[in-house]
Amino acid sequence: MGTTAEELLVEDGAVTGVVVSDSETRYSIHAKAVLLATGGFGSNPELMKEYLPLFADGFSSANPGATGDGILMTRQFGTPVVGDGSMGSIVAPDGTNLIDSYFLVNKEGERFIGEAEPKYVIQRACSQQTDHETFLLADSSYGTTDTIEEKIEKGYVKQYDTIEELAADNGIDAEVLKTTIDTYNAAADAGEAIPAGEYELSADKATRIEAAPFYLEKVTLRYFGTIPGIQVDNNCQVLDGQGNVVEGLYASGELVAGNAFTRQYPGVGIGISFAANSGSYAVEQIARLLEQ
């Protein structure tokens with residue numbers, strides 16, 4: 001503990017150990033194999049801008065140590081970074097919960113996702129919208145007025161007398177938004193599922209937009225983990241820029257998540273289980289190699 005791995009030792013293209021430092025000295029550790037388990041890069045702003053620009057301005061709750069060390073250490077081999085997207089949800093600008101609304105639209109005034117879908121699915125969908133800007137709407141029937149008032153004071157929620165005013169102030173297509181609202185309310189009144197692209201929202205979850213005042217809260221993308229990671233083969237061995245194995249070098253966990261998830265986080269807890277199991281699997285491969 002308290003020891004930082006600074007670089008890989010490489011001899012004739014093979015990894016033979018690591019250079020490390022602690023509070024007192026810098027020294028080398030020689031090994032027959034090295035396993036990189038350095039995590040993601042959610043706490044490295046420069047790597048976020050490079051690999052996940054759509055999420056770079058979002059709210060980060062990533063581990064402070066997720067600085068992308070494994071990516072940086074393997075650049076000398078030309079190791080590709082594969083996969084896209086982040087592990088996360090949608091929140092208010094300070095990371096707290098958004099208003100409890102099931103009416104979410106983009107700048108075009110259209111609903112694009114079933115609002116009851118898992119938060120990580122909604123997060124991904126929001127990131128794909130124009131300027132990755134999306135908005136939750138509610139009307140005067142919103143149940144928790146204290147929450148609304150508190151959010152208005154913080155500047156997270158804005159209140160409007162008309163839909164036209166709301167749309168104009170936020171760069172939303174007003175005519176499309178009004179049509180979206182009418183379609184939504186009509187389906188909810190009829191007890192029918194409300195479509196949104198390839199998704200839908202059940203009528204019993206609908207939060208109708210009918211009576212002023214109207215409220216709007218802009219969505220912030222939150223991420224707690226990153227999917228892009230260095231490319232490995234089926235034995236968790238790191239590959240170079242030509243697709244060849246870097247001898248003596250293995251990787252596991254969030255650092256290689258992009259080999260498994262590619263673009264969409266599969267679900268809550270998957271990142272942890274993948275990290276644990278890929279780490280165990282990588283160690284099995286290393287042990288098998290050392291037995292030869």
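Let us look at the structure shown here. (Residues numbered from 1 in each chain as written. Predicted model: local features only at pLDDT ≥ 70, side-chain atom pairs only at ≥ 80, totals over all residues. Heavy atoms only, no water.)

Overview of the overall build of the chain
Helix and strand counts for the chain stand at seven helices and 17 strands. With the principal axes as the frame, the chain shows a C-alpha extent of 70 × 40 × 30 Å. Looking at the chain as a whole, 45% of its 292 residues are labelled buried. A separation of at least 24 residues holds for 70% of the contacts in the chain among residues at least 6 apart in sequence. In the form shown here, the chain has an accessible surface area of approximately 14,100 Å², with 48% of it arising from carbon and sulfur atoms. Taking the 18 positively charged and 44 negatively charged side chains of the chain as two groups, their mean positions are separated by 1 Å. (Helix = DSSP H or I, 4+ residues; strand = E, 2+ residues; numbered from the N terminus. Buried < 20%, exposed > 50% of the residue type's maximum accessible area, 1.4 Å probe, protein only. Contact = heavy atoms within 4.5 Å. Areas by Shrake-Rupley, 256 points an atom, 1.4 Å probe, with all protein chains shown as cover. Lys, Arg positive; Asp, Glu negative; His and termini not counted. Charge placed at Lys NZ, Arg CZ, Asp CG, Glu CD.)

Points about the nonpolar core
When a protein is soluble and globular, its nonpolar side chains tend to lie buried together. Grouped together as the largest cluster of nonpolar side chains are 48 residues, with contacts concentrated most on Leu8, Leu36, Leu104, Cys126, Ile230, Leu249 and Ala251. At five residues, the largest contribution of residues to this core is made by helix 3 (residues 119-127). Excluding anything up to four places from it in sequence, Leu36 contacts Leu8, Gly70, Met73, Thr74, Ile230, Leu249, Tyr250, Ala251, Ser252 and Leu255. (Core = buried A, V, L, I, M, F, W, Y, C linked by side-chain atoms within 4.5 Å.)

Concerning the side chain of Ser278
Here Ser278 lies in helix 7 (residues 270-291). Polar side-chain contacts of Ser278 include one of 2.9 Å to the backbone nitrogen of Gly253. (Polar contact = N/O pair within 3.5 Å; in protein donor to acceptor, adjacent residues only side chain to side chain.)

Considering the environment of Phe261
Checked against the element boundaries, Phe261 lands in the loop between strand 17 (245-251) and helix 7. Judged by relative accessible area, Phe261 falls into the buried class, the value being 9%. With 175 residues separating them along the chain, Phe261 and Ser86 place their C-alpha atoms 9.8 Å apart. Residues in contact with Phe261, not counting those within four places in the same chain, are Met87, Ile227, Pro266, Ile270, Gly271 and Phe274.

Quick look at the sheet that holds strand 17
One open sheet accounts for three strands, arranged 4-17-16; its pairing is mixed. Either end of the sheet is taken by a strand with one partner, and the two such strands are strand 4 (34-36) and strand 16 (237-239). On average, adjacent strands in this sheet sit at an angle of 55° to one another, irrespective of strand direction. Direction of pairing for strand 4 relative to strand 17: parallel, over a ladder of three bridges. What sits directly across from Leu36, in strand 17, is Ala251. Seen against the sheet, helix 7 touches strand 4 and strand 17 and runs at an angle of roughly 140° to strand 17. (Pairing = 2+ DSSP bridges. Axes fitted to C-alpha atoms, helices over the stretch in contact; angles between N-to-C directions.)

Thoughts on the packing of aromatic side chains
Under the criterion given, the structure shown has three aromatic pairs. With a centroid separation of 4.8 Å and 80° between ring planes, the pair formed by Phe103 and Tyr184 is classed as edge-to-face. Pair noted here: Phe103 is in the loop between strand 7 (86-91) and strand 8 (104-106) and Tyr184 is in helix 6 (residues 174-189), with a separation of 81 residues, a long-range link. Residue Tyr184 is classed as buried on the basis of its relative accessible area, which comes to 1%. Judged by centre distance (5.5 Å) and plane angle (55°), the ring pair of Phe261 and Phe274 falls under tilted. One end of the pair, Phe261, is in the loop between strand 17 and helix 7; the other, Phe274, is in helix 7, with 13 residues separating them in the sequence. Residue Phe274 is classed as partly exposed on the basis of its relative accessible area of 21%. (Phe/Tyr/Trp six-rings, centres within 6.5 Å; stacked < 30°, edge-to-face > 60°.)

So, helix 3
Extensive coverage of helix 3 is indicated by the burial of eight of its nine residues. For helix 3, the full list of buried residues reads Tyr120, Val121, Ile122, Gln123, Arg124, Ala125, Cys126 and Ser127. Those residues of helix 3 that are buried lie in contact with strand 7, strand 8, strand 9 (134-138), strand 12 (199-201) and strand 14 (220-226).

Bear in mind that shape data such as this cannot, by itself, settle questions of function.
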